[in-house]
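Understanding the architecture of this molecule
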There are 2 protein chains.
Amino acid sequence: MKDWKNYQDQHKERFLQELLDLLRIPSISARSENKADMVTCAEAVKASLLAAGASRAELYPTNGHPIVYGELITDPSKPTVLVYGHYDVQPPDPLELWHSGPFEPVIKDGKIYARGACDDKGQFYMHVKALEVMVQSGTLPTNVKFLIEGEEEVGSPNLANFVKENKELLKADVILISDTAMISLDTPSIDIGVRGLSYIEVEVTGPNRDLHSGVYGGAVANPITILAKIIASLHDENNHITIPGFYNDVVEATPAERNLMAEAPFDEQEFKQDLGIAEVWGEKGFTTNERTGIRPTLELNGIWGGYIGEGAKTVLPSKAFAKISCRLVPNQESNKITDLLINHLQTIAPPYVTVKASLHHGGEPYMTPIDSKEYRAAAKAIETTFGKSPIPVRGGGSIPICALFEKELGLKIIFLGFGLDSDNLHSPNEKYDLANFYKGIETIPYFHQYLSEVSNEGSN
Amino acid sequence: MKDWKNYQDQHKERFLQELLDLLRIPSISARSENKADMVTCAEAVKASLLAAGASRAELYPTNGHPIVYGELITDPSKPTVLVYGHYDVQPPDPLELWHSGPFEPVIKDGKIYARGACDDKGQFYMHVKALEVMVQSGTLPTNVKFLIEGEEEVGSPNLANFVKENKELLKADVILISDTAMISLDTPSIDIGVRGLSYIEVEVTGPNRDLHSGVYGGAVANPITILAKIIASLHDENNHITIPGFYNDVVEATPAERNLMAEAPFDEQEFKQDLGIAEVWGEKGFTTNERTGIRPTLELNGIWGGYIGEGAKTVLPSKAFAKISCRLVPNQESNKITDLLINHLQTIAPPYVTVKASLHHGGEPYMTPIDSKEYRAAAKAIETTFGKSPIPVRGGGSIPICALFEKELGLKIIFLGFGLDSDNLHSPNEKYDLANFYKGIETIPYFHQYLSEVSNEGSN
């Protein structure tokens, strides 16, 4: 199997340049102004699949941004791997904190800096290049399908319909996703779960127009003050979320699972130093890893109201806004939590203001079993290239479509992520280490090999 | 004295057009990009003073925006009126709520719509035109000085020095300011006090960079959540401000004064309907007029942090910000309250975050006696043109320089305001009623006349 390593080594510079070209396209799904860029990016993904050896690749239009589908069916009797990824990226704001342009990728200290470098262009592109490696070295032991969407960062509003309507097209044996992180190259890990999501926006309206804060201040409720009081009330003194019923469906982790989690290497001092914080924060009674792994959360993603420009303006504003998202764990349901959250906000709104709240998007939590042959193939692939067996961990992020994949396609998902928590996902200066990019391309063919081998042994 | 009314009637259309020209200059003192517009506006004010009959008018440069000074000394033995006003305006944001351009004045339903229409271009310009009226009709019984600054909306940072260094230039018998409101044309009133101000900006920093809210959410303090908790704690359940010592220096209004205030016409139903609110809000134990007139307040003027663009971004931001201002009443001191406020914010900041807070600007509260001959001249002028004696009221706004005027120049201030609370000061669609503009020009010469008369009677 050395052939693919030789091929990769010979072409690694080209692989990188191709990725950089992809990173130059500002495929921000949340922004209507980037609609044309989304199509450009989808076309580029399609071209890359065909160039890598896919026998077929095309764009499927949706009510939002197009979905790219590609495949290489070598032999229907072989196992089929469906690779899922996304070519859309998060908005790059705040721009002023980037050291280089978010869509002008630069290589510095062995890292690619660009929006989407890790999430998820750099990661799904490893699969495109791994396909090329396997095809060119004649070592592809499976069939491969690609489903690369353009709306993951906005909650995949159109993917569910596509999946439901194209079950035959997407038929496979396993879904492989590289959109998560590992602990480090020295401590490889595999995510076995992603959290669900309920993302809403809140609008608090006080007076029907902006007022002079001297003439009216003190006599009319200020929507910023009221919104602050509402937000402040959402966590109690133990940082427990106060929404009635919020924790009802949470499957508590067993002591055994918590003990296992406690064994994963974690240095709180290093964690605090890396983030520049004096103290960690979170729900009382849980460790940092538990807080992000097995517990649901409620976070403020944005807030604005009144005068936010240079200098001072003495205004009592008419409105204040917030973006709030909850991360959910098994067996919480996104719709149910969204309803609880919105109802709670409206219930606690005082009579001085009106509160409107609406869903941005949601997604269900998902966990993958670690006793499947697919998980074992992934663990063995990592052990082969990293020299160490990966630790199974529960990640804090969300991939909204996972639960639907399982339901509609009857498939398990393997999260073969090569990112790092320090990759600044969704933040300025997002990066992806070249070493991780290349390690991923090297590891993926082993997964196909081992999957093919265990599949030949019969079902588990 | 009918002469001046005739002159005004003949020239009223030109007076209006001249004001509209002044309103077209975007003299936003808070914005560095409008620095050149500030000079253009100051030059226009100077030209208008000379055109109105001032024997001298010039610009005095400062470290910020220029001060315009003008005068017409007819006879040193006559009383001298120093008119103070400001040619700078508040930023027009949020622009999307304006029905017409903030610097493209339009006349609709007898009202001038433009930023600065009432605050304060439309009001100080009444004095410019009143000067022209008196000069042209040969009826000016006093000496007149004009001090029109360009930094009132940012706290007059350079005016204090100018006043201290130019006491001789500014020597006068009374300061006359039209930068406040009356209850209505049917219920004329005169402000007898303005509140002081402490305006600060707060920056709350959590992690040293924006984080992925899934990967880190729940385990790292979110600066928006913490800022909300800080803000929420600043008012207790009775909407009393919780900063220790905040009320220490407040001179409580006497029962007699509160009884007098209660006699001023106020229709709470109308007040709520006008603002589109279901309930008024404020400090327990005080009426709406008391809350804005005799009580200090703390208002949020702006808040921002995280992602505030279109769509959704799952970020746990590094920073959150707020602009907070307190209105002060006699005998609170601006510096003292600013220190209390900043210290309090830093004291209550939890260890998960760092809180920086700094002063934007401040100003002292001011009250004018109602038993002076100057006040009586103003009251009589209003009675002459409105047919009713004005009600003395304590206004909620601030004119930061008042206390300094009294201290440095030894002069009392008369607030001869012709605005209305509904003029949308500091808000979109600021307006000034033509009727009020013309009524002001008609009333001002009577003030000069009566002042001259009572001055001839000897000191009070």
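All figures in this text were calculated on a predicted structure; none of them were measured in a lab. Here the residue numbering is sequential within each chain, running from 1 through the sequence in written order. Written order decides the labels, with chains lettered from A and ligands numbered from 1. Per-residue local features of the predicted model are confined to residues with pLDDT of at least 70, and side-chain atom pairs are confined, for both listing and counting, to 80 or more; whole-chain, interface and lining totals are unaffected and use all residues. Only hydrogens and water are set aside when side-chain values are computed; all heavy atoms of the structure are taken into account.

Quick notes on the sheet that holds strand 18 (residues 431-433) of chain A
Residues and elements named next belong to chain A. Taking strand neighbours across the sheet as the criterion, the three strands line up as 4-5-18 in an open arrangement whose pairing is antiparallel. Strands with a single pairing partner mark the edges of an open sheet, and in this sheet they are strand 4 (106-108) and strand 18. Ignoring which end each strand starts from, the neighbouring axes of this sheet average 25° apart. At least two bridges found by DSSP between two strands are what make those strands a pair. Put simply, DSSP marks the helices as runs of H or I at least four residues long and the strands as runs of E at least two long, and each gets a number from the N terminus on. When strand 4 meets strand 5 (residues 111-113), the two strands line up antiparallel, connected through three bridges. Residue pairing in the sheet places V106 in a bridge with Y113 of strand 5. Contacts are assigned to residue pairs with any non-hydrogen atoms lying within 4.5 Å of each other. Every angle, taken between N-to-C directions, lies between 0 and 180 degrees, and every axis is a line fitted to C-alpha atoms, over only the stretch in contact when it is a helix. Each of strand 4, strand 5 and strand 18 is contacted by helix 12 (residues 434-456), which is oriented at about 60° to strand 18, the strand it contacts most.

What about the pairing of strand 1 (residues 56-60) of chain B?
Residues and elements named next belong to chain B. Note that strand 1 and strand 2 (residues 67-72) share five bridges and pair antiparallel. Bridging from a neighbouring strand, L59 pairs with V68 of strand 2. Linking strand 1 back to strand 2 in an antiparallel pair, the connection comprises six residues.

As for helix 11 (residues 402-409) of chain A
All names here are of chain A. Per-residue accessibility, obtained with a 1.4 Å probe over protein chains only, is compared with the maximum for each type, and a residue is labelled buried under 20%, exposed over 50%, and partly exposed between these values. For helix 11, the full list of buried residues reads C402, L404, F405, E408 and L409. Taken down its axis, helix 11 places every buried residue within 160° of arc, on the same side. Of the residues one or two after helix 11, G410 is the one with positive phi, at around 65°. Arc definition: it is the arc formed by the directions from the helix axis to the C-beta atoms.

Some remarks on the domain arrangement of chain A
When the parts of a complex come together, some accessible area is lost, and that lost area is often used as the size of the interface. All names here are of chain A. Its domain assignment divides chain A into domain 1 (2-194 + 365-456) and domain 2 (196-255 + 292-363). Domain boundaries shown here were taken from an automatic or database domain assignment. Relative placement of domain 1 and domain 2: their C-alpha centres are 34 Å apart. Residue-level contacts link twelve residues of domain 1 with 13 residues of domain 2. For any pair of parts, buried area is found by adding up, for both, the accessible area (1.4 Å probe) each one loses once the two are put together. Summed over both sides, the interface of domain 1 with domain 2 buries roughly 970 Å², with 55% coming from carbon and sulfur. Considering only the surface of domain 1 that becomes buried against domain 2, P365, R394 and S398 emerge as the three largest contributors, covering 57% of it. For salt bridges, the criterion is a side-chain nitrogen of Lys or Arg within 4 Å of an Asp or Glu carboxyl oxygen. If you look at where domain 1 meets domain 2, you find zero salt bridges. Polar contact is defined as a pair of N or O atoms within 3.5 Å, subject to the rule that within protein one atom must be able to donate a hydrogen and the other to accept it, and that residues adjacent in sequence are counted only when both atoms are side-chain atoms. Put simply, domain 1 and domain 2 have two residue pairs in polar contact (both at pLDDT 80 or more) between them. Any residue outside Ala, Val, Leu, Ile, Met, Phe, Trp, Tyr, Cys, Pro, Asp, Glu, Lys and Arg is labelled polar, Gly included; the first ten of those are nonpolar and the last four are charged. Its residues assigned to classes, the side of domain 1 that touches domain 2 comprises five nonpolar, five polar and two charged.

Quick word on the packing of aromatic side chains
A pair of Phe, Tyr and Trp rings is counted when the ring centres sit within 6.5 Å of each other, with Trp represented by its six-membered ring. The angle between the planes then sorts it: under 30 degrees is stacked, over 60 is edge-to-face, the rest tilted. Under the defined criterion, the tally for this structure stands at 27 aromatic pairs over all chains. Seen in terms of ring centroids, A:Y60 and A:Y69 are 6.4 Å apart; in terms of plane orientation they differ by 85°. Their pairing is edge-to-face. The class for A:Y60 is buried, based on a relative accessible area of 17%. In this structure A:Y69 comes out as buried when scored by relative accessible area, which is 0%. Their ring planes at 20° and their centres at 6.3 Å tell us that B:F386 and B:F418 sit as a pair that is stacked. Of this pair, B:F386 sits in helix 10 (residues 373-386) while B:F418 is found in the loop between strand 17 (413-415) and strand 18 (431-433), placing the two residues 32 residues apart along the sequence. Exposure remark for B:F418: the relative accessible area of 1% places this residue in the buried category. Ring pairing ties together the aromatic residues A:W4, A:Y446 and A:Y450, which thus form one cluster. Geometrically, a charge over a ring is one whose NZ (Lys) or CZ (Arg) sits within 6 Å of the ring centre while staying within 35 degrees of the ring normal. Between the NZ or CZ atom of A:K439 and the centre of the ring of A:F386, over which it lies, the distance is 5.4 Å.

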